[in-house]
Every structure is written in C-alpha cells, then in structure tokens.
Amino acid sequence: MKILGVSAHYHDSAAALVVDGVPVRAIQEERLSRRKGDAAFPLAAIEWCLDDAGVAPEDLDAVVFYEKPMLKLERILVTALRAFPRSWRTFPQAMRNTLGEKAWVKGIIASRLGVSPRRILFAEHHRSHAAAAFLTAPTREAAILTADGVGEWTTLSVGRGVKRDDGACAIELLRELRFPHSLGLLYSAFTAFLGFEVNEGEYKVMGLASYGTPRFAEQVRAMVKRTPDGAFALDLRWFEHHTTARRAWSARFVEAFGPPRPPHVPVDLATPDGARWADVAASVQRVLEDVLVDLARALRAETGLRDLCLGGGVALNGCANARILREAGFERVLVPPAPGDAGCALGAALYADRIHFGRPDRPVPDHAAWGNVVDPLELERVAREDGLRVEEAEDDRAVLEGVADALARGCLVGWMDGRLELGPRALGNRSILAAPDRAETRDRLNREVKYREEFRPFAPAVPAELAERYFVLPPGGVRLARFMSGVFPVRPEWRARLAAVTHVDGTARVQAVDRETSPRFHALLAAFGRRTGVPVLLNTSFNRAGEPIVARAVEGYSTFRRSGLDLLVAGRCLVSKERAAGGALEEAVS
Ligand SMILES: [Fe+2]
C-alpha cells in the first residue's frame, strides 16, 4: 500500500511517502523551492518523493492531508464572529486565505495529482502530530503530548499510544485544549513582542532567555490561569491573537513588560532595553517549562507509562524537553527529528496506514534522513567549471582523515553526506562543522557564514557512547539528544575546551551521534578526537541566515562560494577555495 502524506498552507509545507507501512521518502518544500518556510502546496516535494521512489500518482492508494480544512475554517469563522466588530479587519483576510486554498484542498490534490477524490483523506492536525511522534518512535506503548500554536481548534492534546503484539495500533486521545488557549500562541506572542518573526524566531527567544533573569515570571504566570486538570486557560485580556491577525498582544502587555522591540533594533544586552528583553524572554521560557512539566507529570501519574512521546512545534524547545525528562518522571522522552508541521506529512501518512486502514505496525527506521542524496559528481563538475581545485580522496578513510585534519587546523567545513534530513536540524548530513574549542570560531561562523545574532548558540555533536563524559545527562538524556532535542549542561571541566558550543549559561544543545545510523559522521568525530583528544564537533545547519538548508550539491557549492567556509565535502570529493591552477582565490563574494 502506497500512501502520500501532505502538509501545506500554514508554514513549512512537506510531503512524505509511506510504502507498505514504512517511510521511504520525505522532504520539505522549502528545500526544493529554496523559499524558507515555504507554505505553498508542496508540488515539488510531492513530485520529488514520487519520482525518486518510482511511484506514479495513479499508484497511490491514498493521499492524506495533515489537517481538516473545514474544521479550521469553522474556527476562523466562529472566532471572527465572536470578536465582531473588533475582528472586521481580520475576517475578510482570514476568509480569503482559507477559502482561497485551504478549504479546497481536496480539489487541489485531485486536480494537481490526478488522484481520485475518493482516495483523499484528512487526518486531524493533532492526530498527525501525535502519529509523527508515536508511530515513528522505538516504543510499544507511550504517553503522548502534542502542543503547537493552533491546528483546527486543538492547541494541545494528551493521550496514549499502543502497538499491540498482533501489530494493531491505537492512539487514544485523553484530553485536548482548544483555541484561543495555546502555549504555542503564548510563546509566539512573546516572539513577536521581542521583535522576532513568528514561526522562525522562537529559537531566538530561547537563546536570548539564557542571558536574562525571569523577573517577569509572575506577570507571565498571571496570563496563564491553571485549571484543576493540570491544564490552563489564557487570560485573554493580555492577547489579541483571537481578534486580529495584526498583533498578538494587547495594551496590558506593554504596561507589564514595557515597549516591544522593533524588529530592526539589534538586541544589545549592555543597554537597559536589551537586558529587559532578555528578562522577558527568560520569563516566558520559565513559565512555558513549568506548565509543560506539570502537564507531563500529571500525564505520567495518570497513565503510569514509562515513555513520553512529544509532538508539535513546542517540542522543538530543547530546554523545556530536558526539564520534562528530569522532572516529570518518565524514563524516556522521545521527540522525532521533525515534531513541527513538516513532520505532520509523515505523521498523517502513518496515521492513515496504521489507524485508518488498520494495517499492522512496522518498525520505522530511527533517523531523519528521508530526503535527496547528494551527488559528489555534481559537486565535482560545478567546482571544476568554476575553476576551483577539486581533490578526489582515495577512499572513505582518506576523506575522514583529510576533513579531520582540516577541522583540527581551524577550518570551517561544509559537509554533505547521504540523504537530506527532514526537520529543522542538520544532524550530520547537511552540516557546517568546526572545531568546538574556540569562541572565535563561533564568532567567525556568525560573522562570515551564518550572518546571525551573536546570542544564538551553536550545537555540539558527540559520539552517543561518549556523550556523558562531556555533558551532564540525566537517565534518558542520550536518547533525547539523538536528534538534538534537549539542552543539557556542559561539564564544567570541559567548558573551556568546548567554548564555541557552550552557551552563556553553561549549557549546550547536544547531538548524540549513533554509530549505526550515522556511521560516517560518527567516524569523523572519532578521527577528530584522535587529533585533538576531544571527539566533539560544532555542528550547525548548512545554510546562511534566511535561507533553507542546502539540499543538492549545487546549493552547497553556492553557499560555500558566498561565505567564509574553507572546505566543502561530498562523498570523496573535497573542494577548497584554491584556483585549480594554484594561487589563492579572491575573497568570497557575498
Ligand atoms: Fe502544528
């Protein structure tokens, strides 16, 4: 049975193909269209998945959309009518957006793919999140918590999942919280208030939080009224997200936290405003963590289960995830590499397979690499045409040794290996790598490659079996660090040697690299460790600020040429910024 999952029209569209119960391809539209966070109907992603797997649209047994558009339309209508007349501006805009595409998804899928409307299914949005988290996880039974901004109505759900011995799967929903009460929208309101782009800037709020003290936590808590079942309700006097699309916060917000940050004003922590914004970030981060820990703790008590699967965009918050692991009583917290809406394409397809069609469970490979393979020959051709020196290593070992040498010398390396990752994190397949020991490396990366704010930390990658030597991990921490889903303290004795990846508060978003699923990246860490004594590398996504992560060799090459990277690697092909005829290349063009 061949099932295509599709997520689209909100943020970060994606397609995923599941064949006989196992994912075979998945990719985000932005990686192909090269428009960051592309929300368009993911025609390129769909075409690529089908083409690369050799499946024709007419062979598809089902196409599953990751939400129910009519439910979403209902929410927008009801919300707008409730808030009338304040909503009069939002109303036509929301109607246009929704009626323009969302409500007619069936027609779009049917006409663009030539698939019979009878084969088009819709999975509820938080069911897609829950499926993406639970059905891909190596567990037979787990509690499930999903939290995001909003889907149709649901903004948070708790439940449990089971894969029975006969292969039958079930995802049971225990409770849900509905719009406008939303942890995701709470965090997004602060993201916008702090001058960052919603759906993009949430990471920046978390990074900034480490520089502040949560002195506004009481005020944030006042807007999140707790309910007896461990959930909460937002005090809507603080917000406007339910009445207007123009602004998420109300005048009361500004009274409590002071003026918002205009997006063009840099965050200078030495100024009173900069320090205040960091304190506001620290405060909302603290309250988000407290609420999630309480919800998870209640869910643990209720279900008695040992594993917790987390889904939804909120599960990208590595500080919150680590606190849940430490404090909620679960033995393992399992977060998929793409817990956000892109991962819902995969979740929706698996949900249809296991639950709608009732087909038996199949183990899902425990990695993120479902995208295109990088072609070293393409890199070689592009580099030669451009006149750069290309070195063809003799074998894999020579590649690893050569790259480890360059890294130990302080080079910034663009590393492309195997299939592109699904989700926002580069996990060693489309990564920029560097030695982790010097803060100057971090600054050089920010300045010459990434062009981004200095308060955002870089992540370390370490062989999973050695992670505890360098980082303070609670039981279950290595698992949470598999896809960089948790933030943990760097052991104090290693902080100087890991200066480029240690955040201001002594923590790091660790990636514990598994030898079996990432053998080449694991071997590279080991080769680097043989040279420097510390098998840890700085690993950041291979892109420049505002651009999607590179997918193909040609995009890697273009990023390499427009930035301060020193070496570019794909397969056995190594490209440096030397002219083929010898002599140094002119400064990289940006
Ligand atoms: Fe979502």
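Refer to the structure presented above.
Quantities reported herein were computed from a predicted structural model and do not represent experimental measurements. (Residues numbered from 1 in each chain as written. Predicted model: local features only at pLDDT ≥ 70, side-chain atom pairs only at ≥ 80, totals over all residues. Heavy atoms only, no water.)

### A few points about the overall build of the protein chain
Helix and strand content of the protein chain: 20 helices and 24 strands. For the protein chain, whose C-alpha radius of gyration is 23 Å, the value lies close to the compact-globule estimate of 25 Å for 590 residues. Once the C-alpha set of the protein chain is aligned to its principal axes, its extents read approximately 70 × 60 × 45 Å. Across the 590 residues of the protein chain, 60% fall into the buried class. Roughly 22500 Å² of accessible area belongs to the protein chain as shown, and the carbon and sulfur atoms make up 51% of that amount. Both charge centroids of the protein chain, one from 79 positive and one from 76 negative side chains, sit 3 Å from each other. (Helix = DSSP H or I, 4+ residues; strand = E, 2+ residues; numbered from the N terminus. Rg over C-alpha atoms; globule rule 2.2 N^0.38 Å. Buried < 20%, exposed > 50% of the residue type's maximum accessible area, 1.4 Å probe, protein only. Areas by Shrake-Rupley, 256 points an atom, 1.4 Å probe, with all protein chains shown as cover. Lys, Arg positive; Asp, Glu negative; His and termini not counted. Charge placed at Lys NZ, Arg CZ, Asp CG, Glu CD.)

### What to know about the pattern of salt bridges
Under the defined criterion, the tally for this structure stands at 47 salt bridges. Between D437 and R438 there is a salt bridge, with its nearest N and O atoms 4.0 Å apart. A relative accessible area of 35% places R438 in the partly exposed class. One salt-bridge network, in which partners are shared between bridges, spans D20, R140, D353, R354, R359 and D361. (Salt bridge = Lys/Arg side-chain N within 4 Å of Asp/Glu carboxyl O.)

### Some points on unusual backbone geometry
The omega torsion of the bond from F179 to P180 falls at 5°, within 30 degrees of zero and hence cis. Summarising the element assignment, P180 is placed in the loop between β8 (169-178) and α7 (183-193). Unusually for a residue other than glycine, D12 sits at a positive phi of about 60°. Its place among the elements puts D12 in the loop between β1 (2-7) and β2 (14-19). With relative accessibility at 15%, the residue D12 sits in the buried group. Within the chain, D20 stands out as a residue other than glycine whose phi angle is a positive 50°. Along the chain, D20 falls in the loop between β2 and β3 (22-28). For D20, a relative accessible area of 37% gives the class partly exposed.

### Quick notes on the coordination of the iron ion
Each protein donor to the iron ion is listed here as H125 (NE2), H129 (NE2), D148 (OD) and D341 (OD); together their distances run 2.1 to 2.2 Å. Each of the four donor atoms around the iron ion contributes to a set of angles spanning 89 to 172°, which defines the coordination as irregular. Of note, the iron ion draws all its donor residues from one chain, in the sequence arrangement H-x3-H-x18-D-x192-D. Taken together, the residues span a long stretch of sequence, with D148 in the loop between β6 (141-147) and β7 (154-163) and D341 in the loop between β12 (332-334) and α13 (343-356) at a distance of 193 residues. (Donors = N, O, S within 2.8 Å, 3.2 Å for Na, K, Ca; no water. Tetrahedral: all angles 85-135°; square planar, octahedral: opposite > 155°, others 65-115°.)

### Digging into empty space enclosed by the protein
Counted under the stated rule, the structure contains three cavities of 30 Å³ or more. The wall of the largest cavity is formed by 21 residues, among which A132, T136, P336, P337 and H367 lie closest to the centre. Secondary-structure elements contributing two or more residues to the lining of the largest cavity are α6 (125-134) and α13. Taken together, the elements giving at least two residues each to the lining of the second largest cavity come down to α6, β6, β7 and β8. (1 Å grid on protein atoms, 1.4 Å probe; cavity = no way out; pocket = protein on both sides within 12 Å on 5 of 7 lines; lining within 4 Å. Points joined across faces, edges and corners; volume = space filled by probe spheres on them.)

### Here's the deal with the side chain of S576
The residue S576 is located in strand β24 (residues 573-579) in this model. Leaving out residues up to four positions away in the same chain, S576 has contacts with L388, R389, F560, D566 and L567. (Contact = heavy atoms within 4.5 Å.)

### Structural notes on a nonpolar patch on the surface
Residues Y211, L269 and V504 make up a contiguous nonpolar surface patch of roughly 230 Å² in combined accessible area. Within the secondary structure, L269 sits in the loop between α10 (251-257) and α11 (272-303). (Patch = residues over 30% accessible without salt bridge, like charges linked within 9 Å, V, L, I, M, F, W, Y side chains within 5 Å.)

### Considerations on the sheet that holds β12
Spatially, five strands are ordered β8-β7-β6-β11-β12 in an open sheet, and the strand pairing comes out mixed. Only two strands of the sheet have a single neighbouring strand rather than two, namely β8 and β12. Ignoring which end each strand starts from, the neighbouring axes of this sheet average 20° apart. In this sheet, β12 lies alongside strand β11 (residues 307-311) in parallel orientation, the contact comprising three bridges. Note that in β12 the partner of D307 across the bridge is R332. (Pairing = 2+ DSSP bridges. Axes fitted to C-alpha atoms, helices over the stretch in contact; angles between N-to-C directions.)

### Considering helix α2 (residues 43-53)
For α2, the full list of buried residues reads A45, I46, W48, C49 and L50. Following α2 by one or two positions, G54 adopts a phi angle in the positive range, close to 70°.

### Side note on the packing of helix α15 (residues 396-408) against helix α19 (residues 519-532)
Their axes nearest at 9 Å, the elements α15 and α19 cross at an angle of 50°. Considering the angle they form, α15 stands oblique to α19. As α15 runs across α19, the sense of the crossing is right-handed. Residues D396, V399, L400, E401, V403, A404, D405, L407 and A408 of α15 lie in contact with α19, whose contacting residues are R520, A523, L524, A527, F528, R530, R531 and T532. By residue class, the composition of the contact of α15 with α19 is 10 nonpolar, one polar and six charged. (Parallel < 35°, antiparallel > 145°, perpendicular 65-115°, else oblique. Left-handed = near helix turned anticlockwise from the far one by under 90°. Nonpolar A, V, L, I, M, F, W, Y, C, P; charged D, E, K, R; others polar.)

### Brief notes about the packing of α6 against α13
One can describe the packing of α6 onto α13 by two numbers: an axis separation of 7 Å at closest approach and a directional angle of 90°. Classified by the angle between their axes, α6 and α13 sit roughly perpendicular to one another. Contacts between α6 and α13 involve H125, R127, S128, H129, A131 and A132 on the former and, on the latter, G343, C344, G347, A348 and Y351. Per-class residue counts for the contact of α6 with α13 are five nonpolar, five polar and one charged.

### Details of the nonpolar core
Nonpolar side chains tend to gather and get buried jointly when the protein is soluble and globular. Core analysis: the biggest nonpolar cluster contains 106 residues, and L145, M223, F253, F257, L308 and V575 have the highest contact counts within it. Counting residues per element, this core draws most heavily on α11, which supplies 14 residues. Setting aside residues up to four positions removed in sequence, F253 forms contacts with A189, F190, F193, M223, W238, F239 and G258. Among the nonpolar cores identified, the runner-up in size contains 60 residues, and A14, V115, L135 and C309 belong to it. (Core = buried A, V, L, I, M, F, W, Y, C linked by side-chain atoms within 4.5 Å.)

### Concerning the environment of T303
Residue placement: T303 occurs in helix α11. Under the relative-accessibility criterion, T303 is labelled buried at 13%. Expressed as a C-alpha distance, the spacing of T303 and R276, which sit 27 residues apart in the sequence, is 41 Å. With near-sequence residues (within four places) excluded, T303 lies in contact with A143, R160 and L174. Separated by 2.8 Å, the side chain of T303 and the backbone oxygen of L299 make a polar contact. (Polar contact = N/O pair within 3.5 Å; in protein donor to acceptor, adjacent residues only side chain to side chain.)

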